[in-house]
Amino acid sequence: NALAAAAAAGKRKRGAAGGGTNKEAPHVRSALRSRVLVVKVTPDAPQQYIPLMNALFAAAKQQILVDALVLGGHDSGFLQQGTNITGGTYVKVGPEGGVLQHLLTAFLPSAHDRTALTMPTLRSVDYRTTCFCHKKIVDFGYVCSVCLSVFCAPCGICSTCRSRFQLPSGPPR
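A quick note: this is a predicted structure, and the numbers were derived from the prediction, not measured.

Peer 1: Would you mind going over the overall build of the protein chain with me for this structure?
Peer 2: Helix and strand counts for the protein chain stand at six helices and seven strands. Along its sequence from the N terminus, the protein chain presents helices and strands in the succession α-α-β-α-β-α-β-α-α-β-β-β-β. When each of the 173 residues of the protein chain is scored for burial, the buried share is 31%. Of the contacts formed within the protein chain by residues at least 6 apart in sequence, a portion of 51% connects residues at least 24 apart. Surface exposure of the protein chain reaches about 11,300 Å², of which carbon and sulfur atoms provide 57%.

So, in structure tokens, the structure goes:
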């Protein structure tokens, strides 16, 4: 996964920067921040939700800014979540174009420079998740209290961590 590889590369860079070979400009070393730009053309694939979210949470933990440029008619709920989690920018470009304009104005400025600009913002983020059993997007799900896996139907045993659950007998009250 390219995003996971970028997160790992960012971690290696920050680890190497601590020793510092650029003694002339320590302010430059501390001002650098890893960033990833994801350009997406296809619709979200629910079976990719778990690996993508794992990579995005790793990027957030490493303070890597993840931006998303979505081309075409499909919004990406997954990348909306990812840019929201990492503090990045989400831009959807319609059929009218404007890709270069968005690349130059929304994604070229550094994280520090973006604080002085009026950046595109999302009105709402689609936080629906994907069930672990069928890899389908669900509005409501059942969550394992041990590993936080989400399922579309109640199950007696979590398929992720193998925890056992006592299911209620009879109809709900």
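What follows picks up the thread again.
Peer 1: Any chance you could explain the pairing of strand 3 (residues 90-93) here in plain terms?
Peer 2: Side-chain positions along a regular strand alternate between the two faces of the sheet. Pairing of strand 2 (residues 65-71) with strand 3, which is carried by four bridges, proceeds in the parallel orientation. Residue A68 lies in a different strand from strand 3, and its bridge partner there is Y90. After leaving strand 2, the chain enters helix 4 (residues 77-86) and then returns to the sheet as strand 3, a path that is right-handed.

Peer 1: Explain the sheet that holds strand 1 (residues 35-40) here, please?
Peer 2: The strands that make up a sheet are held in pairs by hydrogen bonds between backbone atoms, and each pair lies either parallel or antiparallel. The three strands lie next to each other as 1-2-3, forming an open sheet whose pairing is parallel. Only two strands of the sheet have a single neighbouring strand rather than two, namely strand 1 and strand 3. Between one strand axis and the next, the sheet turns through 15° on average, direction left out of account. Contacts from helix 4 reach strand 1, strand 2 and strand 3 within the one sheet, and its direction differs from that of strand 2 by about 155°. Docked against the sheet, helix 5 (residues 99-107) engages strand 1, strand 2 and strand 3, running at close to 165° with respect to strand 2.

Peer 1: Any chance you could explain the environment of V143 here in plain terms?
Peer 2: Secondary-structure assignment places V143 in strand 6 (residues 142-143). Sequence separation between V143 and P154 is 11 residues; the distance between their C-alpha atoms is 8.7 Å. For V143, the residues in contact, after removing those within four places along its chain, are L148, S149 and V150.

Peer 1: Mind showing me how you'd approach the pairing of strand 2 here?
Peer 2: Within strand 2, six of the seven residues are buried, which leaves the element mostly enclosed by the surrounding structure. Bridge count between strand 1 and strand 2: six bridges; the pairing is parallel. In the strand pairing of strand 2, K40 is matched with V70. Following the chain from strand 1 across helix 3 (residues 49-61) to the adjacent parallel strand 2, one finds a crossover that is right-handed.

Peer 1: Looking at this structure, how should I read the nonpolar core?
Peer 2: Soluble globular proteins tend to bury their nonpolar side chains together. With 14 residues, the main nonpolar core has Y49, L52, L56, V66, L79 and Y90 as its most contacted residues. Residue assignment for this core shows that the elements contributing at least two residues are helix 3, strand 2 and helix 4. Beyond its immediate sequence surroundings of up to four residues, L79 is in contact with V38, K40, L52, A68, V70 and Y90. Ranked by size, the runner-up nonpolar core spans six residues in total, among them L69, V91, A106 and F107.

Calculation notes
- Residues numbered from 1 in each chain as written.
- Predicted model: local features only at pLDDT ≥ 70, side-chain atom pairs only at ≥ 80, totals over all residues.
- Heavy atoms only, no water.
- Helix = DSSP H or I, 4+ residues; strand = E, 2+ residues; numbered from the N terminus.
- Buried < 20%, exposed > 50% of the residue type's maximum accessible area, 1.4 Å probe, protein only.
- Contact = heavy atoms within 4.5 Å.
- Areas by Shrake-Rupley, 256 points an atom, 1.4 Å probe, with all protein chains shown as cover.
- Pairing = 2+ DSSP bridges.
- Right-handed = clockwise from strand over helix to strand, strands pointing away.
- Axes fitted to C-alpha atoms, helices over the stretch in contact; angles between N-to-C directions.
- Core = buried A, V, L, I, M, F, W, Y, C linked by side-chain atoms within 4.5 Å.

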